[in-house]
Amino acid sequence: MLLNKKISIWYFIREIKNQILYMGIFAVSIGLLDLLPWFRKISLPLNIPALLGTAVSLLLAFRTSQSYERWWEARTVWGAIVNDSRTLMRLIIQFFPAGEDKIIKEFAERQIIWTYALGESLRRQPFSDRVQNYLDDHQIKATNIPNALLDVHSQRLRNIAFSKGLTELHQLNAVIMRLCDNMGRCERLKNTVFPRSYSILLHTLIYVFAAILPFGLDDSQLAVEILITFLIPVMFLAIEKTSIIMQDPFENGPVDIPVTALAQTIEINIKEMIGDQNIPVKKDNSLYYEM
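Before going into details, it helps to say that this report is about the structure given with it. (Residues numbered from 1 in each chain as written. Predicted model: local features only at pLDDT ≥ 70, side-chain atom pairs only at ≥ 80, totals over all residues. Heavy atoms only, no water.)

1. Structural notes on the overall build of the protein
Under the convention used in this document: Elements are defined by DSSP. Helices are runs of H or I of four residues or more, strands are runs of E of two residues or more, and each kind is numbered from the N terminus. Each residue is assigned to one of three classes by its accessible area relative to the maximum for its type, calculated with a 1.4 Å probe on protein chains only: buried under 20%, partly exposed between the two thresholds, exposed over 50%. Contacts: residue pairs with any heavy atoms within 4.5 Å of one another. Methods summary: accessible areas were calculated by the Shrake-Rupley approach with a probe of 1.4 Å, and residue burial reflects only the protein chains presented.
The helix and strand tally for the protein stands at eleven helices and zero strands. The burial tally for the protein puts 42% of its 291 residues in the buried class. Restricting the contact set of the protein to residue pairs at least 6 apart, pairs at least 24 apart contribute 79%. By element, 60% of the accessible surface of the protein is carried by carbon and sulfur atoms, the whole surface being about 15,700 Å².

Next up, the structure:
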């Protein structure tokens, strides 16, 4: 995807349509149940559902905060990848003079492919034709393709250092190590799921809140009672869904980290640095794209 500034409200409604339906049925059922003679005798102080609602709010605040931290960490890591990619090419150009254009272009192409391959592997998507063609042409096969590409970076630097007698390539190795560290951070965020028990607890508390809320309201207006019993829990469910969407920053959704756009930015920057005239045109980032 690319950076998103215009997310349709219908996208979000589609994400929670099942919860809206279930809560609507639940609210109507509880509201009608509250009209039965035996249940009409039950009356709870409004402070009880208010207390439970406060507890749900605090848990949702924690959940949203943790989800945003995961999202922001992923964005910070990719910002570091952008910077380190520029640094890597700047050092390559510095260490290898104009007579070594072939080596410079080799590293530039591999680094560009690495950024696209990393984004696609994080999203667990099939590699694009461009990435797959590069892998086939260079006979690169591995379980972790981005890691294999960094290995080729390191091996080429070692071979060049031996063949040309260069001894000052430790800065390049340090940049490659940072790229590897940032790749590992992305993989940790991708593979570490938010505890499922937390979602179960939140859902249970929200439905308990919806179940006891009508018994703390006035029974004289059924429609208002059902509406309140429906709207407040739905808002809780919407907040929780927002945090669930945001906690997975590499899922190719509208609030996803724009790894494709960032990879394209890296490609443009690198090609400008090496004087390549075949610079791609950056797509409009005001809309959401699935890649």
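2. Examining the nonpolar core
Condition: We call a set of buried residues a nonpolar core when its members are Ala, Val, Leu, Ile, Met, Phe, Trp, Tyr or Cys and they connect through side-chain atoms within 4.5 Å of each other.
Membership of the largest hydrophobic core comes to 50 residues, with the highest contact counts inside it found for Trp78, Ile92, Leu149 and Phe250. Elements supplying a minimum of two residues to this core: helix 4 (47-95), helix 5 (101-122), helix 6 (129-137), helix 7 (145-164), helix 8 (170-191) and helix 11 (259-274). Setting aside chain neighbours within four positions, we find Leu149 in contact with Arg110, Ile113, Trp114, Ala117, Tyr134, Leu135 and Ile140.

3. Let's talk about the pattern of salt bridges
Which entries qualify depends on this criterion: Within this document, salt bridges are pairs made up of a side-chain nitrogen of Lys or Arg and a carboxyl oxygen of Asp or Glu, the two lying within 4 Å of each other.
Going through the model one piece at a time under the given rule, you end up with nine salt bridges. Between Arg188 and Glu73 there is a salt bridge, with the nearest N and O atoms lying 2.4 Å from each other. Note that Arg188 is positioned in helix 8 and Glu73 in helix 4, a separation of 115 residues in sequence. If you follow the salt bridges from partner to partner, you end up with Glu106, Arg110 and Arg156 in one network.

4. Quick look at the side chain of Glu267
Selection rule: Polar contacts, as used here, are pairs of N or O atoms within 3.5 Å; protein pairs need one atom able to donate a hydrogen and one able to accept it. Residues neighboring in sequence count only if both atoms are side-chain atoms.
Structurally, Glu267 is set in helix 11. The class for Glu267 is buried, based on a relative accessible area of 3%. At a separation of 2.7 Å, a polar atom in the side chain of Glu267 contacts the side chain of Tyr116. The residues touching Glu267, leaving out its near neighbours within four places in the chain, are Ile112, Tyr116, Arg130 and Pro280.

5. Points about the packing of helix 5 against helix 8
So the rule is basically this: Every axis in this analysis is a line fitted to C-alpha atoms, fitted for helices over the stretch in contact. Angles between the N-to-C directions lie between 0 and 180 degrees. Note on terminology: angles under 35 degrees are roughly parallel, angles over 145 are roughly antiparallel, angles of 65 to 115 are roughly perpendicular, and the others are oblique. Whether a crossing is left-handed or right-handed is set by the direction in which the near helix is turned from the far one by less than a right angle, anticlockwise for left-handed and clockwise for right-handed. Amino acids outside the nonpolar list (Ala, Val, Leu, Ile, Met, Phe, Trp, Tyr, Cys, Pro) and the charged list (Asp, Glu, Lys, Arg) are all regarded as polar, and Gly is one of them.
Where helix 5 contacts helix 8, the two axes come as close as 10 Å, and the packing angle between them is 15 degrees. By the angle class used here, helix 5 and helix 8 are roughly parallel. Like other packed secondary-structure pairs, helix 5 and helix 8 cross with a definite hand, here right-handed. Touching Gln111, Trp114, Leu118 and Leu122 of helix 5 are Leu179, Met183, Cys186, Glu187 and Lys190, all from helix 8. Across the contact of helix 5 with helix 8, the residue classes tally to six nonpolar, one polar and two charged.

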